[in-house]
Amino acid sequence: MRFLRLIIAAAALSFTAAGASAAEPKEGVDYTTLASPVRTDTGKKVEVIEFFMYSCPHCNAFEPSLHDWVAKQGDKIAFRRVHFPAGGPNDAQAHAYLTLEAMGKLDEMHNKIFRAIHVDRNRLNKDDAMTDFLVKNGIDKAKYLEYFNSFAVQTKMKRAAQVISAYKVDSAPTIVIDGRFVTSPSQAGRPGMPEQASQQATLQVMDYLVAKAAKK
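About the thresholds
- Residues numbered from 1 in each chain as written.
- Predicted model: local features only at pLDDT ≥ 70, side-chain atom pairs only at ≥ 80, totals over all residues.
- Heavy atoms only, no water.
- Helix = DSSP H or I, 4+ residues; strand = E, 2+ residues; numbered from the N terminus.
- Contact = heavy atoms within 4.5 Å.
- Axes fitted to C-alpha atoms, helices over the stretch in contact; angles between N-to-C directions.
- Parallel < 35°, antiparallel > 145°, perpendicular 65-115°, else oblique.
- Left-handed = near helix turned anticlockwise from the far one by under 90°.
- Nonpolar A, V, L, I, M, F, W, Y, C, P; charged D, E, K, R; others polar.
- Core = buried A, V, L, I, M, F, W, Y, C linked by side-chain atoms within 4.5 Å.
- Buried < 20%, exposed > 50% of the residue type's maximum accessible area, 1.4 Å probe, protein only.

1. Quick word on the side chain of Gln199
Stage number 1. Here Gln199 lies in helix H9 (residues 195-215).
Stage number 2. When residues no more than four places from it in sequence are discounted, the contact partners of Gln199 are Ala61, Phe62 and Ser65.

What follows is the structure in structure tokens.
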């Protein structure tokens, strides 16, 4: 009897290992690797970048899960966002994002902007509309305009297209890990899969890629 139990236990372990192997994200399916990686400067931390847009409904839907995932990673990663300049070098939302980032006000305003656009249906796609909204939500107008027109923010706006081109990103939300691994809900998910399930699949791929990058 004991010998039989050992055989059953061994079979169960073998099945579990096979399932884990089958679930491992596949390059070219769940993620891609950049042919020309972008150099990172985050020390022992793994760099994670989200390319997003405030106007993107999928970015808005992904935000709560992504926020929790970033918090769970703690000091293992260095996380940042890049806003797609969908409207070109004068994109109002991308410009506002960089301005708030420079001011140190992103944590305060990030979710409020998402809510204004996707819940309150305030498009915020013009500089004046965005500025008025931010001022109504406690941002000092004079200070905001000072940063908005600063050389540093203007330079980042001009370089945005180059940054996106370097990472070969063409949609949002897209996640780049360690300057070389690229994934997204549209890639990690499957046709017909609910959006929340696609998001969870993406987070699992991100877990795998962060661990993979940390080993190297």
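2. A closer look at the packing of helix H5 (residues 127-136) against helix H6 (residues 141-148)
The packing of two helices is summarised by the inter-axis angle and the distance between the axes.
Stage number 1. Their axes nearest at 10 Å, the elements H5 and H6 cross at an angle of 140°. Compared by their axis directions, H5 and H6 come out oblique. The two elements H5 and H6 meet at a crossing, and its hand is right-handed. Here Asp127, Met130, Thr131, Leu134 and Val135 of H5 come into contact with H6, specifically with Lys141, Tyr144, Leu145 and Phe148.
Stage number 2. When grouped by side-chain class, the residues that make up the contact of H5 with H6 number 6 nonpolar, 1 polar and 2 charged.

3. Things to note about the nonpolar core
Stage number 1. Counting 38 residues, the largest nonpolar core has Phe51, Tyr54, Leu100, Ile113, Leu134, Tyr144 and Tyr167 as the members making the most contacts within it.
Stage number 2. Of all the secondary-structure elements, those providing two or more residues to this core are strand S2 (46-52), helix H3 (92-103), helix H4 (106-118), H5, H6 and helix H7 (151-166).
Stage number 3. The contacts of Leu100, once residues within four sequence positions are left out, are Lys105, Leu106, Met109, Ile113, Leu134, Ile139 and Tyr144.
Stage number 4. One finds Trp69, Val70, Ala188 and Val210 within the second-largest nonpolar core, a separate group that totals 19 residues.

4. Remarks on the side chain of His118
Stage number 1. Looking at where His118 falls in the secondary structure, it is placed in helix H4.
Stage number 2. Its relative accessible area of 14% is what places His118 among the buried residues.
Stage number 3. Those residues in contact with His118 that lie beyond four places of it in its chain are Tyr54, Ser55, Cys56, Pro57 and Asn60.

Honestly, it's all geometry; don't read function into it.
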